[in-house]
Amino acid sequence: MSNNQPIHVFGEVLFDHFPDGSRVLGGAPFNVAWHLQAFGQSPRFISRIGNDPAGLEIAALMDSWGMDREALQIDGKHPTGSVRVLIPDGEPHYEIVEDCAYDFIDEALLEEKDTQGILYHGSLAIRNPAARAALKAIKARHQGKIFIDVNLRPPWWGPLTLLPLLDDASWVKLNEDELALLCPESAGLEAAMLEFCELYDLETLVLTRGEEGAVAYDRHQHHFVVVKPPESAVVVDTVGAGDAFAATLLLGLSKQWPLETTMERAQAFACAVVCKRGATVADREFYRAFSEQWGSD
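Here the structure is a predicted model, which means the values were calculated and not measured. (Residues numbered from 1 in each chain as written. Predicted model: local features only at pLDDT ≥ 70, side-chain atom pairs only at ≥ 80, totals over all residues. Heavy atoms only, no water.)

A.B. asks: Which residues make up the side chain of Thr262, and what values do they have?
C.D. replies: Locating Thr262 in the fold gives a position in helix H8 (residues 259-273). Other than its neighbours up to four places away in sequence, Thr262 contacts Thr248, Leu249, Gly252 and Trp257. (Helix = DSSP H or I, 4+ residues; strand = E, 2+ residues; numbered from the N terminus. Contact = heavy atoms within 4.5 Å.)

A.B. asks: Go over unusual backbone geometry, please, and point to the residues and values.
C.D. replies: Note the cis peptide between Pro154 and Pro155, where omega equals 0°. Position of Pro155 relative to the elements: it lies in the loop between strand E9 (142-149) and helix H4 (159-166). At Ser42, a position not held by glycine, the phi torsion is positive, near 50°. Note on placement: Ser42 falls in the loop between helix H1 (28-38) and strand E4 (44-50). The phi angle at Asp99 is positive, at roughly 55°, despite the residue not being glycine. The residue Asp99 is located in the loop between strand E7 (93-96) and strand E8 (115-121) in this model. Asp99 sits in the partly exposed class, given a relative accessible area of 40%. (Buried < 20%, exposed > 50% of the residue type's maximum accessible area, 1.4 Å probe, protein only.)

A.B. asks: Now, about the sheet that holds strand E12 (residues 214-218): what can you tell me, with residues and values included?
C.D. replies: Judged by pairing direction, the sheet is mixed, and its 9 strands sit side by side in the order E5-E4-E1-E8-E9-E10-E11-E12-E13 without closing on themselves. Edge positions in the open sheet fall to strand E5 (72-75) and strand E13 (223-226), since each of these has one partner strand only. When strand polarity is set aside, the average angle formed by the axes of neighbouring strands in this sheet is 15°. Bridge analysis of strand E11 (residues 204-208) against E12 gives 5 bridges, and the strand direction is antiparallel. Paired with Val206 across the strands is Ala216, a residue of E12. Against the sheet, helix H2 (residues 53-65) engages E4 and E5, with an angle of about 155° to E4. (Pairing = 2+ DSSP bridges. Axes fitted to C-alpha atoms, helices over the stretch in contact; angles between N-to-C directions.)

See the structure below:
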(Lines give C-alpha, C1' and ligand atoms only; values in the text may rest on other atoms or scores of the structure.)
Protein backbone atom coordinates (compact mmCIF):
# COMPACT_ATOMS: atom_id res chain seq x y z
CA MET A 1 0.00 0.00 0.00
CA SER A 2 1.65 3.22 -1.17
CA ASN A 3 2.24 6.26 0.96
CA ASN A 4 -0.07 9.24 0.42
CA GLN A 5 -3.05 7.42 -1.06
CA PRO A 6 -5.73 9.29 -3.06
CA ILE A 7 -8.80 10.41 -1.10
CA HIS A 8 -12.36 10.55 -2.44
CA VAL A 9 -14.89 12.62 -0.46
CA PHE A 10 -18.64 12.14 -1.02
CA GLY A 11 -21.43 14.28 0.37
CA GLU A 12 -22.91 17.68 1.07
CA VAL A 13 -21.69 21.19 0.45
CA LEU A 14 -23.79 24.06 1.78
CA PHE A 15 -23.84 27.41 3.51
CA ASP A 16 -24.21 27.60 7.28
CA HIS A 17 -26.30 30.64 8.28
CA PHE A 18 -25.48 32.05 11.73
CA PRO A 19 -27.66 33.97 14.19
CA ASP A 20 -25.88 37.27 13.48
CA GLY A 21 -26.84 37.12 9.79
CA SER A 22 -23.47 35.95 8.52
CA ARG A 23 -23.00 32.78 6.51
CA VAL A 24 -20.09 30.40 6.20
CA LEU A 25 -19.32 27.72 3.65
CA GLY A 26 -19.76 24.27 5.13
CA GLY A 27 -21.06 20.73 5.03
CA ALA A 28 -18.93 18.09 6.76
CA PRO A 29 -17.60 16.42 3.58
CA PHE A 30 -16.81 19.78 1.99
CA ASN A 31 -15.02 20.95 5.14
CA VAL A 32 -12.95 17.78 5.14
CA ALA A 33 -12.08 18.20 1.46
CA TRP A 34 -11.17 21.86 2.01
CA HIS A 35 -8.75 20.99 4.81
CA LEU A 36 -7.21 18.14 2.82
CA GLN A 37 -6.66 20.42 -0.16
CA ALA A 38 -4.82 22.87 2.09
CA PHE A 39 -2.62 20.01 3.26
CA GLY A 40 -1.68 19.18 -0.35
CA GLN A 41 -3.90 16.13 -0.89
CA SER A 42 -6.04 17.16 -3.92
CA PRO A 43 -9.11 15.16 -2.83
CA ARG A 44 -11.78 14.22 -5.35
CA PHE A 45 -14.91 15.94 -4.02
CA ILE A 46 -18.16 14.31 -5.19
CA SER A 47 -21.20 16.53 -4.60
CA ARG A 48 -23.86 18.68 -6.25
CA ILE A 49 -24.68 22.40 -6.16
CA GLY A 50 -27.62 24.40 -7.45
CA ASN A 51 -27.45 26.58 -10.54
CA ASP A 52 -27.91 29.64 -8.33
CA PRO A 53 -25.79 32.42 -6.79
CA ALA A 54 -24.81 30.27 -3.81
CA GLY A 55 -23.71 27.46 -6.12
CA LEU A 56 -21.71 29.81 -8.30
CA GLU A 57 -20.02 31.18 -5.18
CA ILE A 58 -19.08 27.67 -4.05
CA ALA A 59 -17.62 26.87 -7.46
CA ALA A 60 -15.59 30.08 -7.43
CA LEU A 61 -14.30 29.42 -3.91
CA MET A 62 -13.27 25.90 -4.88
CA ASP A 63 -11.40 27.30 -7.88
CA SER A 64 -9.62 29.88 -5.77
CA TRP A 65 -8.59 27.18 -3.27
CA GLY A 66 -7.31 24.94 -6.08
CA MET A 67 -9.93 22.22 -5.61
CA ASP A 68 -10.85 19.93 -8.51
CA ARG A 69 -14.49 20.36 -9.63
CA GLU A 70 -14.52 17.36 -11.97
CA ALA A 71 -16.99 15.48 -9.73
CA LEU A 72 -19.05 18.51 -8.65
CA GLN A 73 -22.44 18.29 -10.36
CA ILE A 74 -24.73 21.26 -11.12
CA ASP A 75 -28.47 20.93 -10.50
CA GLY A 76 -30.86 23.13 -12.47
CA LYS A 77 -33.87 22.24 -10.32
CA HIS A 78 -32.82 22.08 -6.66
CA PRO A 79 -31.11 24.85 -4.67
CA THR A 80 -27.66 24.76 -3.16
CA GLY A 81 -27.69 23.34 0.35
CA SER A 82 -28.25 25.51 3.39
CA VAL A 83 -28.35 25.11 7.17
CA ARG A 84 -29.44 27.43 9.94
CA VAL A 85 -26.95 27.20 12.81
CA LEU A 86 -28.15 27.96 16.35
CA ILE A 87 -25.59 28.10 19.16
CA PRO A 88 -27.32 27.98 22.56
CA ASP A 89 -24.90 27.60 25.47
CA GLY A 90 -21.95 27.36 23.08
CA GLU A 91 -23.07 24.11 21.42
CA PRO A 92 -24.17 24.21 17.76
CA HIS A 93 -27.60 22.96 16.67
CA TYR A 94 -28.62 22.66 13.04
CA GLU A 95 -31.81 23.22 11.06
CA ILE A 96 -31.03 21.45 7.77
CA VAL A 97 -33.05 22.38 4.67
CA GLU A 98 -34.28 19.33 2.75
CA ASP A 99 -34.40 18.63 -1.00
CA CYS A 100 -31.19 20.50 -1.73
CA ALA A 101 -28.90 19.83 -4.67
CA TYR A 102 -26.60 17.48 -2.73
CA ASP A 103 -29.60 15.23 -2.01
CA PHE A 104 -29.73 14.48 -5.73
CA ILE A 105 -26.14 13.54 -6.57
CA ASP A 106 -26.78 11.70 -9.83
CA GLU A 107 -25.40 8.21 -10.32
CA ALA A 108 -25.68 8.62 -14.10
CA LEU A 109 -23.25 11.56 -14.09
CA LEU A 110 -20.51 9.76 -12.15
CA GLU A 111 -17.33 8.77 -13.89
CA GLU A 112 -17.42 5.04 -14.48
CA LYS A 113 -13.99 3.91 -13.35
CA ASP A 114 -12.57 1.91 -10.50
CA THR A 115 -11.03 3.97 -7.71
CA GLN A 116 -8.38 3.19 -5.13
CA GLY A 117 -7.24 4.78 -1.91
CA ILE A 118 -9.67 6.04 0.72
CA LEU A 119 -13.37 6.83 0.29
CA TYR A 120 -14.87 9.17 2.91
CA HIS A 121 -18.57 9.81 3.38
CA GLY A 122 -20.93 10.94 6.13
CA SER A 123 -24.50 10.03 6.93
CA LEU A 124 -26.45 13.20 6.06
CA ALA A 125 -26.18 13.05 2.25
CA ILE A 126 -27.64 9.54 2.17
CA ARG A 127 -31.02 10.75 3.48
CA ASN A 128 -32.29 10.85 -0.14
CA PRO A 129 -32.59 7.70 -2.32
CA ALA A 130 -30.91 9.43 -5.26
CA ALA A 131 -27.73 10.21 -3.33
CA ARG A 132 -27.81 6.77 -1.71
CA ALA A 133 -27.85 5.16 -5.15
CA ALA A 134 -24.91 7.30 -6.24
CA LEU A 135 -22.90 6.33 -3.17
CA LYS A 136 -23.70 2.66 -3.73
CA ALA A 137 -22.39 2.92 -7.29
CA ILE A 138 -19.21 4.63 -6.11
CA LYS A 139 -18.59 2.01 -3.43
CA ALA A 140 -19.10 -0.80 -5.93
CA ARG A 141 -16.18 0.56 -7.97
CA HIS A 142 -13.93 1.44 -5.03
CA GLN A 143 -10.99 -0.77 -4.07
CA GLY A 144 -9.63 0.51 -0.80
CA LYS A 145 -10.58 1.66 2.67
CA ILE A 146 -13.92 3.29 3.49
CA PHE A 147 -14.08 5.93 6.23
CA ILE A 148 -17.57 6.74 7.55
CA ASP A 149 -18.08 9.93 9.55
CA VAL A 150 -21.33 9.43 11.43
CA ASN A 151 -23.43 12.59 11.92
CA LEU A 152 -26.84 11.69 13.30
CA ARG A 153 -28.93 14.78 12.58
CA PRO A 154 -32.59 14.13 13.52
CA PRO A 155 -34.80 13.54 11.64
CA TRP A 156 -32.40 12.91 8.76
CA TRP A 157 -31.19 9.43 9.61
CA GLY A 158 -32.58 5.98 10.31
CA PRO A 159 -31.13 2.58 11.21
CA LEU A 160 -32.36 1.01 7.97
CA THR A 161 -30.25 3.38 5.86
CA LEU A 162 -27.25 3.90 8.14
CA LEU A 163 -26.47 0.50 9.64
CA PRO A 164 -25.97 -1.43 6.36
CA LEU A 165 -23.35 1.15 5.33
CA LEU A 166 -21.32 0.40 8.43
CA ASP A 167 -20.79 -3.17 7.23
CA ASP A 168 -18.50 -1.79 4.50
CA ALA A 169 -16.52 0.53 6.77
CA SER A 170 -12.84 0.25 7.64
CA TRP A 171 -12.79 3.33 9.88
CA VAL A 172 -15.71 4.98 11.67
CA LYS A 173 -15.72 8.28 13.53
CA LEU A 174 -18.60 9.33 15.80
CA ASN A 175 -19.24 11.05 19.12
CA GLU A 176 -20.32 9.72 22.52
CA ASP A 177 -24.01 10.46 22.02
CA GLU A 178 -24.02 8.74 18.63
CA LEU A 179 -22.30 5.65 20.03
CA ALA A 180 -24.88 5.49 22.83
CA LEU A 181 -27.69 5.60 20.25
CA LEU A 182 -26.14 2.84 18.16
CA CYS A 183 -25.06 0.63 21.12
CA PRO A 184 -27.70 1.36 23.76
CA GLU A 185 -27.26 -1.89 25.71
CA SER A 186 -23.52 -1.63 26.37
CA ALA A 187 -22.35 -1.09 29.94
CA GLY A 188 -19.87 1.74 29.67
CA LEU A 189 -17.82 3.49 27.03
CA GLU A 190 -15.12 0.88 26.55
CA ALA A 191 -17.65 -1.95 26.26
CA ALA A 192 -19.66 0.02 23.68
CA MET A 193 -16.55 0.71 21.57
CA LEU A 194 -15.53 -2.95 21.69
CA GLU A 195 -19.04 -4.08 20.75
CA PHE A 196 -19.21 -1.59 17.88
CA CYS A 197 -15.80 -2.62 16.50
CA GLU A 198 -16.66 -6.30 16.64
CA LEU A 199 -20.16 -5.85 15.25
CA TYR A 200 -18.91 -4.10 12.10
CA ASP A 201 -15.44 -5.69 11.91
CA LEU A 202 -13.76 -2.29 11.95
CA GLU A 203 -10.09 -1.58 11.55
CA THR A 204 -10.40 1.53 13.75
CA LEU A 205 -13.14 3.33 15.68
CA VAL A 206 -12.58 6.95 16.72
CA LEU A 207 -14.80 8.53 19.35
CA THR A 208 -14.79 12.30 19.84
CA ARG A 209 -15.69 13.53 23.32
CA GLY A 210 -15.83 17.32 23.09
CA GLU A 211 -14.05 18.93 26.04
CA GLU A 212 -12.66 15.53 27.07
CA GLY A 213 -10.76 14.96 23.83
CA ALA A 214 -11.03 11.74 21.84
CA VAL A 215 -10.27 8.04 21.99
CA ALA A 216 -9.40 5.52 19.28
CA TYR A 217 -9.87 1.77 19.48
CA ASP A 218 -8.45 -0.57 16.84
CA ARG A 219 -9.00 -4.20 15.95
CA HIS A 220 -5.94 -5.17 18.00
CA GLN A 221 -7.77 -3.74 21.05
CA HIS A 222 -5.31 -0.88 21.43
CA HIS A 223 -6.62 2.31 23.02
CA PHE A 224 -5.24 5.74 22.20
CA VAL A 225 -6.54 8.68 24.19
CA VAL A 226 -5.93 12.36 23.43
CA VAL A 227 -7.06 15.19 25.67
CA LYS A 228 -7.79 18.82 25.05
CA PRO A 229 -4.64 20.90 25.64
CA PRO A 230 -4.57 23.64 28.29
CA GLU A 231 -6.51 26.72 27.29
CA SER A 232 -4.27 28.86 25.10
CA ALA A 233 -6.75 30.65 22.85
CA VAL A 234 -10.36 31.80 22.85
CA VAL A 235 -12.90 29.39 21.36
CA VAL A 236 -14.98 31.26 18.77
CA ASP A 237 -17.33 28.40 17.89
CA THR A 238 -17.19 24.63 17.74
CA VAL A 239 -18.82 24.29 14.30
CA GLY A 240 -16.60 22.05 12.20
CA ALA A 241 -14.33 20.81 15.00
CA GLY A 242 -15.23 17.21 14.19
CA ASP A 243 -14.60 17.82 10.49
CA ALA A 244 -11.13 19.19 11.21
CA PHE A 245 -10.48 16.10 13.33
CA ALA A 246 -11.73 13.81 10.54
CA ALA A 247 -9.61 15.54 7.89
CA THR A 248 -6.47 14.96 9.94
CA LEU A 249 -7.44 11.33 10.53
CA LEU A 250 -7.73 10.90 6.76
CA LEU A 251 -4.41 12.65 6.24
CA GLY A 252 -2.75 10.30 8.71
CA LEU A 253 -4.43 7.27 7.16
CA SER A 254 -3.29 8.34 3.69
CA LYS A 255 0.27 8.98 4.84
CA GLN A 256 0.31 5.91 7.09
CA TRP A 257 1.18 7.78 10.27
CA PRO A 258 1.03 5.72 13.48
CA LEU A 259 -2.45 5.91 14.98
CA GLU A 260 -1.23 7.61 18.15
CA THR A 261 0.53 10.31 16.09
CA THR A 262 -2.55 10.79 13.93
CA MET A 263 -4.79 11.23 16.96
CA GLU A 264 -2.47 13.78 18.58
CA ARG A 265 -2.28 15.82 15.38
CA ALA A 266 -6.02 15.60 14.80
CA GLN A 267 -6.69 16.94 18.29
CA ALA A 268 -4.22 19.80 17.86
CA PHE A 269 -5.69 20.84 14.52
CA ALA A 270 -9.31 20.64 15.73
CA CYS A 271 -8.45 22.79 18.76
CA ALA A 272 -6.99 25.42 16.43
CA VAL A 273 -10.02 25.42 14.10
CA VAL A 274 -12.48 26.15 16.94
CA CYS A 275 -10.63 29.42 17.47
CA LYS A 276 -11.85 30.51 14.02
CA ARG A 277 -15.35 31.44 12.88
CA GLY A 278 -17.00 28.67 10.90
CA ALA A 279 -15.65 25.32 9.82
CA THR A 280 -13.15 26.27 7.12
CA VAL A 281 -10.21 28.66 7.14
CA ALA A 282 -9.28 30.64 4.03
CA ASP A 283 -5.72 31.30 5.19
CA ARG A 284 -2.95 29.14 3.77
CA GLU A 285 -0.53 30.28 6.47
CA PHE A 286 -2.83 28.71 9.07
CA TYR A 287 -2.35 25.32 7.41
CA ARG A 288 1.30 25.83 6.56
CA ALA A 289 2.17 26.09 10.25
CA PHE A 290 0.80 22.59 10.84
CA SER A 291 2.39 21.14 7.71
CA GLU A 292 5.79 22.45 8.75
CA GLN A 293 5.35 21.15 12.27
CA TRP A 294 4.38 17.71 11.01
CA GLY A 295 7.18 17.62 8.48
CA SER A 296 7.23 15.30 5.48
CA ASP A 297 5.98 12.22 7.36
